[in-house]
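Each chain, letter by letter, is given below.
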Amino acid sequence: MTDRGTHDNPDPTDPTEPAAPGGRAGDAAGAEGESERRRRRAQFLRELNEAKELRDRVQPRRARAARMRQQMRMRTFRW
């Protein structure tokens, strides 16, 4: 048996296979890929913010210290 990601001849119609690097079949496929990439990025950023909020709730002292350091950085930043 072969592993799903290691076979030599991938099925081009299989939607679970990643696209060829650098190759776009056309404008429709490019736009669809771009919207899919944006959707995945938005999902990732939502999960990242959720994880940061959870970490701040679990470790309030560390979160407060991080906020203070960030405020100090912003106060001393020269435009």
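About the criteria used
- Residues numbered from 1 in each chain as written.
- Predicted model: local features only at pLDDT ≥ 70, side-chain atom pairs only at ≥ 80, totals over all residues.
- Heavy atoms only, no water.
- Helix = DSSP H or I, 4+ residues; strand = E, 2+ residues; numbered from the N terminus.
- Buried < 20%, exposed > 50% of the residue type's maximum accessible area, 1.4 Å probe, protein only.
- Salt bridge = Lys/Arg side-chain N within 4 Å of Asp/Glu carboxyl O.
- Patch = residues over 30% accessible without salt bridge, like charges linked within 9 Å, V, L, I, M, F, W, Y side chains within 5 Å.
- Areas by Shrake-Rupley, 256 points an atom, 1.4 Å probe, with all protein chains shown as cover.
- Lys, Arg positive; Asp, Glu negative; His and termini not counted.
- Charge placed at Lys NZ, Arg CZ, Asp CG, Glu CD.

### Things to note about the overall build of the protein
And step 1. Looking only at helices and strands, the protein features 2 helices and 0 strands.
And step 2. Taking all 79 residues of the protein together, 4% fall into the buried category.

### Observations regarding the pattern of salt bridges
And step 1. Applying the stated criterion across every chain, the model contains 4 salt bridges.
And step 2. Note that Arg37 and Glu34 form a salt bridge whose closest N and O atoms lie 3.1 Å from each other. Residue Arg37 and its partner Glu34 are both found in helix H1 (residues 27–58); the two are separated by 3 residues, about one turn of the helix.
And step 3. Taking the relative accessible area as the measure of exposure, Arg37 reaches 39% and is therefore partly exposed.
And step 4. The network of salt bridges with shared partners includes Glu34, Arg37 and Arg38.

### Focus on a negative patch on the surface
And step 1. Together, Glu47, Glu50, Glu53 and Asp56 make up a region of like negative charge exposed at the surface.
And step 2. Relative to the helices and strands, Glu47 is located in helix H1.
And step 3. Among the residues examined, Glu47 registers a relative accessible area of 44% and is labelled partly exposed.

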